[in-house]
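These are the residues of each chain, in order.
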Amino acid sequence: DARVTQTPRHKVTEMGQEVTMRCQPILGHNTVFWYRQTMMQGLELLAYFRNRAPLDDSGMPKDRFSAEMPDATLATLKIQPSEPRDSAVYFCASARDLYSGNTIYFGEGSWLTVV
Amino acid sequence: EDQVTQSPEALRLQEGESSSLNCSYTVSGLRGLFWYRQDPGKGPEFLFTLYSAGEEKEKERLKATLTKKESFLHITAPKPEDSATYLCAVQGSGSGNTGKLIFGQGTTLQVKP
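Residues numbered from 1 in each chain as written. Chains lettered and ligands numbered in written order. Predicted model: local features only at pLDDT ≥ 70, side-chain atom pairs only at ≥ 80, totals over all residues. Heavy atoms only, no water.

Novice: What exactly am I supposed to notice about the overall build of chain A here?
Specialist: Counting its secondary structure elements, chain A contains 0 helices and 11 strands. Sequence-ordered secondary structure for chain A, helices as α and strands as β, is β-β-β-β-β-β-β-β-β-β-β. Compactness check: chain A gives a C-alpha radius of gyration of 13 Å against a globular reference of 13 Å for 115 residues, within 12% of the reference. In terms of principal-axis extent, the alpha carbons of chain A reach across some 40 × 30 × 25 Å. Residue burial in chain A is summarised as follows: out of 115 residues, 49% are buried. For chain A, the exposed surface amounts to about 5,700 Å²; the carbon and sulfur share of it is 49%. For chain A, the separation between the mean place of its 12 positive charges and that of its 13 negative charges on side chains is 3 Å. (Helix = DSSP H or I, 4+ residues; strand = E, 2+ residues; numbered from the N terminus. Rg over C-alpha atoms; globule rule 2.2 N^0.38 Å. Buried < 20%, exposed > 50% of the residue type's maximum accessible area, 1.4 Å probe, protein only. Areas by Shrake-Rupley, 256 points an atom, 1.4 Å probe, with all protein chains shown as cover. Lys, Arg positive; Asp, Glu negative; His and termini not counted. Charge placed at Lys NZ, Arg CZ, Asp CG, Glu CD.)

Next up, the structure:
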């Protein structure tokens, strides 16, 4: 079964530390999303890429968050410096081609706790 | 602005008691409406995509329907294993829309034996 792979699955870090989350999209998928999920806000779109180019990162706090796709098999989401309010589950998702209405598949998430 | 509202927030059913979940949406040009299921500690799992009003899709005890303003997820004779949070999302195709998925807050379903 092809699946989106995320690492780490769980991370506890201290406020002020840098956090990097990684995602391997499904092979052949050209669109990659980063979502954040909290009880209060639900699923919020942070950023997404098509063919490795950023399409929309308006949902991402620019001062501390950054998202990149160094190559087609790796997407990263970095928080520097981290704050307690960043505690959430971060999901990566991928689709074969966004504009063709293809199914978007989610990873299992990275559970981040900032203390 | 594209928006999705799901109701109810939570639903408790007895096993075998059929019901429906609602997803109301506003979007400038609907490219697709998606239903996902999410179990605790897991990522959302794809269920259905609906593209146009009048369309229906079925999978086991679930049936999704779509109108111009809302979608329903009908659950027939549910079982305890259907307990999960059900998420609705829309993808717009209007001018300036970059195709992103906008999610509702979800409906948490609990089915008791």
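Novice: When you look at the sheet that holds strand E7 (residues 62–66) of chain B in this model, what are you seeing that I'm missing?
Specialist: Two modes of strand pairing occur in sheets, parallel and antiparallel, and in both the strands are linked by backbone hydrogen bonds. Residue and element names in this part refer to chain B. Taken in spatial order, the 5 strands of this open sheet run E1-E3-E8-E7-E6, and their pairing is antiparallel. Because the sheet does not close on itself, it has two edges, and the strands there are strand E1 (3–7) and strand E6 (56–59). The sheet shows a mean angle of 15° between the axes of neighbouring strands, direction not considered. Alignment of strand E3 (residues 19–26) against strand E8 (residues 70–75), held across 6 bridges, turns out to be antiparallel. Looking at E8, one finds that Leu21 is bridged to Leu73. (Pairing = 2+ DSSP bridges. Axes fitted to C-alpha atoms, helices over the stretch in contact; angles between N-to-C directions.)

Novice: I would appreciate a short explanation of the sheet that holds strand E1 (residues 5–7) of chain A in the present structure.
Specialist: Residue and element names in this part refer to chain A. Read from one edge of the open sheet, 4 strands run E1-E3-E8-E7, paired in antiparallel fashion. In the strand order of this sheet, the two ends are held by E1 and strand E7 (65–71), each with one partner. Averaged over all neighbouring strand pairs, the angle between strand axes comes to 20°, with direction disregarded. Both E7 and strand E8 (residues 74–79) contribute to a ladder of 5 bridges, which runs antiparallel. What sits directly across from Ser66, in E8, is Lys78.

Novice: What am I meant to see in the state of the cysteines here?
Specialist: Put plainly, two cysteines are in a disulfide when a covalent bond ties their sulfur atoms together. With the rule as written, the count across this model stands at 2 disulfides over all chains. At a sulfur-sulfur separation of 1.9 Å, the disulfide partner of Cys23(A) is Cys92(A). Between Cys23(A) and Cys92(A), the S-S torsion sits near -60°, and that sign places the bridge as left-handed. Taken together, the residues span a long stretch of sequence, with Cys23(A) in strand E3 (residues 19–24) and Cys92(A) in strand E9 (residues 88–95) at a distance of 69 residues. Cys23(A) gets classed as buried once you look at its relative accessible area, which sits at 1%. A disulfide bridge connects Cys23(B) with Cys88(B), and the sulfur atoms are separated by 1.9 Å. Across the S-S bond of Cys23(B) and Cys88(B) the torsion is about -60°, and the bridge reads as left-handed. Residue Cys23(B) is found in strand E3, and its partner Cys88(B) is found in strand E9 (residues 84–92); the two are separated by 65 residues along the sequence. Side by side, Cys23(B) and Cys88(B) carry an identical accessibility label, which is buried. (Disulfide = S-S within 2.5 Å.)

Novice: I tried to follow the packing of aromatic side chains on my own but got confused; where do I start?
Specialist: The geometry of an aromatic ring pair comes down to the distance between the two centres and the angle between the two planes. Taken as a whole and assessed by the stated rule, the structure comprises 9 aromatic pairs over all chains. Seen from their ring centres, Phe106(A) and Tyr36(B) are 5.4 Å apart, and the 85° between their planes marks the pair as edge-to-face. In this pair, Phe106(A) is assigned in strand E10 (residues 104–106) and Tyr36(B) in strand E4 (residues 30–38), connecting two distinct chains. Residue Phe106(A) is classed as buried on the basis of its relative accessible area, which comes to 10%. Assessed through its relative accessible area of 0%, Tyr36(B) is described here as buried. Ring geometry for Tyr36(B) versus Phe46(B): centroids 5.9 Å apart, planes at 75°, classification edge-to-face. Pair noted here: Tyr36(B) is in strand E4 and Phe46(B) is in strand E5 (residues 45–50), with a separation of 10 residues, a long-range link. (Phe/Tyr/Trp six-rings, centres within 6.5 Å; stacked < 30°, edge-to-face > 60°.)

Novice: It is not clear to me how the interface of chain A and chain B should be interpreted in this structure. Could you clarify?
Specialist: It is common to give the size of an interface as the accessible area that goes away when the parts come together. At the interface, 23 residues of chain A touch 19 residues of chain B. Carbon and sulfur atoms supply 51% of the area buried between chain A and chain B, which totals about 1,700 Å² over both sides. Taken together, the links from chain A to chain B amount to 1 salt bridge. Among the ionic pairs, Lys42(B) bridges to Glu108(A), the shortest N-O distance being 3.6 Å. For the side of chain A that touches chain B, the secondary-structure elements that each account for two or more residues are strand E4 (31–38), strand E5 (42–50), strand E6 (53–56) and E10 of chain A. A breakdown of the residues in the side of chain A that touches chain B according to their chemical character gives 12 nonpolar, 8 polar and 3 charged. (Contact = heavy atoms within 4.5 Å. Buried area = accessible area lost by both parts, 1.4 Å probe. Salt bridge = Lys/Arg side-chain N within 4 Å of Asp/Glu carboxyl O. Nonpolar A, V, L, I, M, F, W, Y, C, P; charged D, E, K, R; others polar.)

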